[in-house]
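A look at the structure
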Amino acid sequence: MSTTKHHGAASGAELLTVSGLDVEYPLKGFRRKPFRALTDINISVKPGETLGLVGESGSGKTTLGRAVLGLAPVTRGTITFEGNDISHATRAERRRLGRDLQVVFQDPYTSLNPSMEIGSILAEPLGVQGQSPAQARARVRELLDQVGLPSDAINRLPREFSGGQRQRVAIARALALSPKLIVCDEPVSALDLSTQAVVLDLFLQIQRDTGVSYLFVSHDLDVVRHISHRVAVMYHGEIVEQGPAHVVTRSPEHPYTQRLLLASPVPDPDRQAKRRNDRHRLLDAQRLEEASPISA
Amino acid sequence: MSVPVELVGQSGTVVRSNVIKKILKNPLGLSAVVVLLFMVVLAVLANVLTSFDPNFANIGKTLASGDAVNLLGTDSVGRDVWSRLVFGARTTLLSALLCAAVAIAIGLPSGLVAGYYGGKFDGVSNWLVNVLMSLPGIIVLLTVRAALGPSVWLSMVAFGILMAPGYFRLTRTAVQSVRNELYVDAARVAGLSDTAIMSRHIFSVVRAPIIIQTAVICGVAIAIQSGLEFLGLGDPSVATWGVMLNEGFKNIYLSPLLLVWPALAIGLTIGALVLLANAIRDALEDAEKIKAPKRGGNTAQASLATVRRRPDRTFSAVVEAGTEHHLVKVSHLGVGYPQADGSIKKVVDDVSFHVDRGEVLGIVGESGSGKSQTAFSILGLLPDAARIVGGSIQFDGKYTVAPTDDRVSQTRLSEYRGKRISYIPQEPMSNLDPAFTIGYQLVTPMMRVLKISKSEATKRALKLLDDVGIRFPEKTFEAYPHEVSGGMAQRVLIAGAISCEPDLIIADEPTTALDVTVQADVLDLVRDLQKRLGVGVILVTHNFGVVADLCDRVAVMQNGRLVEDGDVRDILRNPKDPYTQKLLSSMLEDKEPMTMLVSAGMPAAQAAARNDERDEKEMAR
Amino acid sequence: MVSFILKRIASGISVLVAISFFTYCLLYFSSANIARNILGEYASQEQVQAKEIALGLHRPLLTRFFEWAGNALHGDFGVSWFTSEPVVSAITTRLPITLTLVIVSIVCIAIVATLLGMAAAVKRGWIDRLVQGAAVVGDAIPDFVLAIVLVSVFAITLKIFPATSSISPDSGADAWAASMTLPVIALLINGIASIAQQIRSAVIKQLERDYVRTLRSRGIPEWEILFKHVLRSAAPAGLTVLSLKFVGMLGGVVIIEQIFALPGMGALAVQSTSMGDIPLVMGVVLYTVIIVIIVNLLVDLINGWLNPKVRVS
């Protein structure tokens, strides 16, 4: 893994640390217990490193990303970014954080304002940080170039672009302020297979060029394996397993991760038949284990 | 290959100069604008256009018909009708604007705040809106008049308050729909303040509906105000159209024309406002429709009528000899959508394949490849606008689409659909009717298709639910769709698909909406059922893993064409077509992590740009 | 379901209380010259003062309101200050006429608009254009202007229908039918056009839903899909607008009744408000609001029945 050596991802101080994080959403109705979305989350991301978060729908992986961004309420625990506690950052602190902490969302159709031109979408974060329009315009050109979009895109609306192109606009917006960490929330799930490959290449290239860190959320174990240095597996709002990507995504220890790995089909009939049998054996074994009183 | 540009989840609309142009191009919109401008000119130039004070009464000349002095004649006390009509325009238009202004001033800000922040303010304002909306307008206005006197302006302020809920609701719903849009989240992450978010991202969404609503409200205000004055409750010293109507109605036997002028003015003005609102709406919707990229699809220039005939009911051509044994045979199928300019956009082009009994065929492709359209033409469930532009489909030795049909014959297909051909959809939740229990939705097709009694159908439904691995069949039978999980709902839909013992099941991305562990379970279920029942299956998917798991043969589609088909092992292991190769090379399974997938030897941005170019070329082909 | 109904009733009562108080306040400020109005120009100052005390006008607002509210709770709305007729009987003799007018109109609107809207959505083509065009025309012409046109054409020029009616609650059915036809038509046109438009777009939206395709794939006949599934899901949109129409009509009917000289609530409302007959105005407002609240409750219940999701939450 040459890239890790490049930026020394394995060493150095943590960029982002989440410790003991709980997120609860109050439910409507008198004296109802709040809904617990996350329980006791502990993760960290080093500079230049990608932490993959994998889990199924409702596992809380998206909520964790949103909590880091300040879009989900932190009930307990702390989120530390570059040594500062940002668990309850104010809007003004968030504005300052916006320079170093950015986001790419899943849905390229709703993450760009349909009534704004690409140019003003990309200039928005620059304007917030007080850049002059002329500076912003120059930077926008640079950004479009960086994600491989033509410079005439500036005056066009999002709907004139395909899903993959829009996702690249979203990536350019995240890159605008040269952040240190980008939270990527299922950024390739809505894309076709070949477009996904293009966008994943772009993510890797940007990391090599700029040394940015990713918190990369996905439901797809293959995607997470491909792009992450380390992987954390989420299940029912908790992290059940985390470690180096090749370990967690190839020989997992937790029963849930094992199930997840064997459930994802491979593109060859015979290998898939074998994987299917492995999965059935695993499920039987896990069922037995659950039933037996000794392990409990 | 890129995702075709679809308008998914877009709620924003842009008010631009081209919208104004479109309104003026629309004849109805243009005439509305002309009428309104005319009324405005009357109102503004009232002093210049008339030679009498609207209240000047010439007792010597009452109920006169029009002449050179009194253009439109005089009323029962000798006042000049033309002057009154013109000054009436001024009062009426101003009061309508006042009403709308009051309504906007109250409704818009409160709607923005209630929609964006929710909470207590939202609760209280909703209650107030309920109160206001339970009030019959005229009765309130009568009361207001009793309390505060017969002023046009006061009653319009009161009516404005009554109309405010309209704006409030409109704004609130619009704001709520975008409040959680991802682009608003992105703006929050960028550190935009709430006011900046509201003015930049949220106000732009409500702007267009507000303009439309205002045109409508002005019309309503004019109607209500005239109505009140017609009742004789207006301010008699102010000339308005309503007062003139009242005057005219009193003298309806003597001089019916007195009634015609104000009625005409009211009808024209309100009509113009309504038409204007419609024209704005159409112009905005039009702007949305142009989203389809010009490069989309292969446009066949041939006019439809010359190529295909409508389906002939009596036509029952025999299929080509030697092909009767195929369960389904699709030959040179073309499906297209007629465009506004008379051309046809082809989404399926010259596609041929066949499926035999007990065989599983996978149709693989990315979005826009035409794989679903192909499947739906076998089911006869294409959208109304779709046309068969070529080829034929035969099922069990008989044509369902004969070589000359331009549409799928519903009469021919209704013999098979639900009975011998069945369907498993992609999105489990949206494919069950939320208003009926799961049991009902399983039982009814069996009663209709198999002509069995309700109790027998119920018995079979419970058995089916058990067969598809649902643990508590009775409970699920009684449940409504929203009470079960996505995986369960998909099992229910599979149960529905096999309920009438079909020969062919068409499954359109049956596992795409499911979590991967649930997907594995559902694939197991489909495989078991297919083996047990010996049915033929057409599986539409974008996932080669799913293909490898289930299929005997594969057909790969791209941009409406079939690029390659054959045995599953041959295609997956030794793909011949470059597109299939590209798709398979995009698979991440078995790849060295952190390596470039498509941009070997060049920067990823360059590779991406090159990919875009190739897409455009392919789409234009 | 029971808690849903109770909640709705509670909110209805809160609305009712708020509106009565608000109306009472409004009227309180308008009641300066009432005694003078009742007694006429020639009454002496002393007589006027005596009348004011007799009516209780000298007492503070809240005292008067609570006294009125207390009596109203027992079903006693007082007597008219001008005619001394008990408010309840004044209203109950006129209510049947107004309610007949409104309910007949609403039912006609519901049926015709549903059929037209469905036809426009399913068949498209000319019937669709007709419904769309009619919606614009219907919106453009206020119902009272239409009423005036109807009166001048059918009653005054052609003399097919009576221009002014003389029915009372105990007139025969034929007298009712003759008197009601034109007013009902005047109320109908606008309503049918706009509701048909609503139903049309709701049905089109439902027809595009995935489950309709799945139902077709199951071999369910098209008519059953349309009338059982699609209409059921499209109905709430139409019902909501229909209930708004109903509220609007309760007000709009005031003018219609005046045009056709129907002795309904309209005349009562106009008279009582223009003279400041507080007990009568309060009675009229209260009756109207109660009717509106009942209708809204009914609509909520029907929507709950149509859509199981609403019922559960």
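Reading the values: rules and limits
Sequence order as written defines residue numbering, which begins from 1 separately in each chain. Note on labels: chains are lettered from A, ligands numbered from 1, in written order. Given that this is a predicted model, residues contribute local features only at a pLDDT of at least 70 and side-chain atom pairs are listed and counted only at 80 or more, while totals for whole chains, interfaces and linings are drawn from all residues. Side-chain figures throughout are based on the complete set of non-hydrogen atoms in the structure, without hydrogens or water. Here, two residues are considered to be in contact whenever any of their heavy atoms come within 4.5 Å of each other. Take the accessible area each of two parts loses on contact, using a 1.4 Å probe, and add the two losses: that sum is the buried area. A pair is scored as a salt bridge if a Lys or Arg side-chain nitrogen falls within 4 Å of a carboxyl oxygen belonging to Asp or Glu. Per the annotation, domain bounds derive from an automatic or database assignment of domains. Classification of ring pairs uses Phe, Tyr and Trp, with its six-membered ring standing for Trp, and accepts pairs whose centres are within 6.5 Å; under 30 degrees between planes counts as stacked, over 60 as edge-to-face, and the remaining range as tilted. Secondary structure elements are taken from DSSP: a helix is a run of H or I of four residues or more, a strand is a run of E of two residues or more, and numbering for both begins at the N terminus. Classification of residues uses two cut-offs on accessible area relative to the type maximum, computed with a 1.4 Å probe and protein chains only: under 20% is buried, over 50% is exposed, and between them is partly exposed. To sit over a ring, a charge needs its Lys NZ or Arg CZ within 6 Å of the ring centre and within 35 degrees of the ring normal. Polar contact is the term for a pair of N or O atoms within 3.5 Å; when the atoms are in protein, one must be able to donate a hydrogen and the other to accept it, and sequence-neighboring residues count only if both atoms are side-chain atoms. Classification convention: Asp, Glu, Lys, Arg as charged; Ala, Val, Leu, Ile, Met, Phe, Trp, Tyr, Cys, Pro as nonpolar; all other residues, Gly among them, as polar. Helix axes are fitted only over the stretch in contact, all axes being lines through C-alpha atoms; the angle between N-to-C directions runs from 0 to 180 degrees. The scheme is simple: roughly parallel for angles under 35 degrees, roughly antiparallel for over 145, roughly perpendicular for 65 to 115, oblique for anything else. The crossing is said to be left-handed when, going from far helix to near helix, the turn is anticlockwise and less than a right angle, and right-handed when the turn is clockwise. Two strands form a pair only when DSSP identifies at least two bridges running between them. Every residue carries a pLDDT, the predictor's confidence in it, which falls somewhere between 0 and 100. In this description, the term disulfide denotes a pair of cysteine sulfurs within 2.5 Å. Buried residues of nine kinds, namely Ala, Val, Leu, Ile, Met, Phe, Trp, Tyr and Cys, make up a nonpolar core once their side-chain atoms join them within 4.5 Å.

The parts lose accessible area when they come together, and the size of an interface is often stated as this lost area. Chain C puts 62 residues into the contact, and the matching count from chain B is 60 residues. Both faces considered, chain C and chain B share a buried interface measuring about 5,200 Å² in area, 73% of it formed by carbon and sulfur atoms. Here chain C is connected to chain B by 1 salt bridge. Between C:Glu224 and B:Arg448 there is a salt bridge; the shortest N-O distance is 2.5 Å.

The next subject is the domain arrangement of chain A. All names here are of chain A. Under the domain assignment used here, chain A contains domain 1 (1–100 + 178–251) and domain 2 (113–176). Relative placement of domain 1 and domain 2: their C-alpha centres are 24 Å apart. Between domain 1 and domain 2, the contact holds 14 residues from the first and 13 residues from the second. Between domain 1 and domain 2 the total buried area reaches about 1,100 Å² when both faces are included, carbon and sulfur atoms providing 69% of it.

The tally for this structure, following the rule as stated, stands at 16 aromatic pairs over all chains. With a centroid separation of 5.9 Å and 40° between ring planes, the pair formed by C:Tyr24 and C:Trp68 is classed as tilted. In this pair, C:Tyr24 sits in helix H1 (residues 2–30) while C:Trp68 sits in helix H4 (residues 61–73), placing the two residues 44 residues apart along the sequence. In this structure, C:Tyr24 and C:Trp68 share a single accessibility class: buried. Three or more aromatic residues joined by ring pairs form one cluster here, namely C:Phe21, C:Tyr24, C:Phe65, C:Phe66, C:Trp68, C:Phe77 and C:Tyr287. Lying over the aromatic face of B:Phe436, C:Arg232 brings its terminal NZ or CZ to 4.8 Å of the ring centre. Across the ring face of C:Trp305, the terminal group of C:Arg232 is positioned such that the distance to the ring centre comes to 5.1 Å.

Moving on, we come to the interface of chain B and chain A. Taken together, the contact between chain B and chain A spans 79 residues of the former and 80 residues of the latter. Approximately 6,800 Å² of surface area, both sides summed, lies buried where chain B meets chain A, with 55% of it carried by carbon and sulfur atoms. On the chain B side of the contact with chain A, B:Val189, B:Leu588 and B:Met594 bury the most area, a combined 12% of that side's loss. Linking chain B with chain A are 12 salt bridges, by the criterion used here. A:Arg276 is the partner of B:Asp549 in a salt bridge, and the nearest nitrogen-oxygen pair spans 2.7 Å. The tally of links from chain B across to chain A stands at 30 residue pairs in polar contact (both at pLDDT 80 or more). It is helix H8 (residues 182–190) of chain B that provides the largest number of residues to the side of chain B that touches chain A, a total of 8 residues. Across the side of chain B that touches chain A, the residue classes tally to 37 nonpolar, 18 polar and 24 charged.

What follows deals with helix H13 (residues 371–379) of chain B. Residues and elements named next belong to chain B. Where burial is concerned, most of H13 is hidden: 8 out of the 9 residues are buried. Those residues of H13 not exposed but buried are Lys371, Gln373, Thr374, Ala375, Phe376, Ser377, Ile378 and Leu379. Backbone geometry just downstream of H13 places Gly380 in the positive-phi region, at approximately 75°.

What follows covers the packing of helix H4 (residues 118–128) of chain A against helix H6 (residues 163–175) of chain A. Residues and elements named next belong to chain A. Look at H4 against H6: their axes get within 8 Å of each other, and the N-to-C directions meet at 30°. Between H4 and H6, the angle falls in the class roughly parallel. Viewed along their axes, H4 and H6 form a crossing whose handedness is right-handed. When H4 is examined against H6, the residues Ile118, Ile121, Leu122 and Pro125 are found in contact with a partner set consisting of Val169, Ala172 and Arg173. Here the contact of H4 with H6 is built from residues that sort into 6 nonpolar, no polar and 1 charged.

Here 2 pairs of chains are in contact, and chains A and B lead that list by number of contacts. Nowhere do chain A and chain C come into contact; their C-alpha atoms are at least 11 Å apart.

Within the structure shown, the criterion is met by 48 salt bridges over all chains. A salt bridge links A:Arg279 to B:Asp524, with the shortest nitrogen-to-oxygen separation between them at 3.0 Å. Of this pair, A:Arg279 sits in helix H11 (residues 269–291) while B:Asp524 is found in helix H19 (residues 516–533), placing the two residues in two different chains. Take B:Asp524: its relative accessible area is 13%, and that puts it in the buried class. B:Asp405 serves as the salt-bridge partner of B:Arg412, at 3.2 Å between the closest nitrogen and oxygen. You can call B:Asp405 buried: its relative accessible area is 1%. Within the structure, one salt-bridge network assembled from shared partners comprises A:Arg276, A:Arg279, B:Asp521, B:Asp524, B:Arg527 and B:Asp549.

On to the sheet that holds strand E1 (residues 16–25) of chain A. Strand pairing in a sheet is mediated by backbone hydrogen bonds. Such pairs are either parallel or antiparallel. Residues and elements named next belong to chain A. Reading across the sheet, the 4 strands line up as E2-E1-E4-E5 and stay open at both edges, with antiparallel pairing between neighbours. Whereas interior strands pair on both sides, the edge strands pair on one side only; in this sheet they are strand E2 (35–45) and strand E5 (84–85). For E1 and E2, the ladder comprises 7 bridges, and the chain directions are antiparallel. Among the inter-strand pairings, Leu21 is bridged to a residue of E2, identified as Ile41. Sheet strands in contact with helix H2 (residues 61–69) are E1, E2 and strand E4 (76–81), and its direction is about 110° off that of E1.

Attention now goes to the pairing of strand E9 (residues 536–541) of chain B. All names here are of chain B. By the criterion of burial, E9 is predominantly enclosed, with 6 of the 6 residues buried. Here E9 shows a buried face lined by Gly536, Ile538 and Val540 and a second buried face lined by Val537, Leu539 and Thr541. Judged from the 5 bridges that link them, strand E4 (residues 360–364) and E9 form a sheet pairing that is parallel. Each residue of the ladder has a partner; that of Val364, found in E9, is Thr541. Relative to E9, strand E8 (residues 504–508) runs parallel, the two being bridged by 5 bridges. If you follow Asp508 over to E9, its bridge partner there is Val540.

This part is about the confidence of the model for chain B. All names here are of chain B. Residues at a pLDDT of 70 or more form 91% of chain B, whose mean pLDDT is 85. Below a pLDDT of 50 lies the segment residues 1–15, which in the model reaches 61 contacts outside its immediate sequence neighbourhood of four places, other chains included. Low confidence marks residues 289–307, where pLDDT is under 50. Its contacts with residues over four positions away, or in another chain, come to 36 contacts. Interface confidence for the predicted complex, expressed as ipTM, amounts to 0.89; the pTM equals 0.83.

This next bit is on the sheet that holds E9(B). Residue and element names in this part refer to chain B. If you walk across this open sheet you meet the 6 strands as E7-E8-E9-E4-E10-E11, and the pairing is mixed. The sheet terminates laterally at strand E7 (421–424) and strand E11 (561–567), the two strands that pair on one side only. Across the sheet, the mean angle separating the axes of adjacent strands is 15° when strand polarity is ignored. Pairing between E7 and E8: 4 bridges, direction parallel. For Tyr423, the partnering residue across the bridge sits in E8 and is Ile506.

A word on the side chain of C:Thr288. With respect to the helices, strands and loops of the structure, C:Thr288 is situated in helix H12 (residues 278–306). C:Thr288 has contacts with B:Pro136, B:Ile139 and C:Leu250, leaving out every residue within four places of it along the chain.

Every disulfide links exactly two cysteines, by a covalent bond between their sulfur atoms. All names here are of chain B. Scanning the model with the defined rule gives 0 disulfides over all chains in all. Looking at Cys218, it has no disulfide partner, and the nearest cysteine sulfur is the one in Cys99, 7.3 Å off. A relative accessible area of 8% means that Cys218 is categorised as buried.

Turning our eyes to something else, we now look at the nonpolar core. Most often, soluble globular proteins have nonpolar side chains that are buried together. Counting 177 residues, the largest nonpolar core has B:Leu245, C:Trp68, C:Phe144 and C:Ile259 as the members making the most contacts within it. Core analysis: the second largest hydrophobic core is formed by 54 residues, B:Val492, B:Ala497, B:Leu523 and B:Val554 among them.

The subject of this paragraph is the confidence of the model for chain A. Do not read the predicted coordinates in detail wherever pLDDT is low. Of all residues in chain A, 94% have pLDDT values of 70 or greater, and the mean over the chain is 89. Under a pLDDT of 50 for its full length, residues 1–11 of chain A has, in the predicted model, 17 contacts with residues more than four places off or in other chains.

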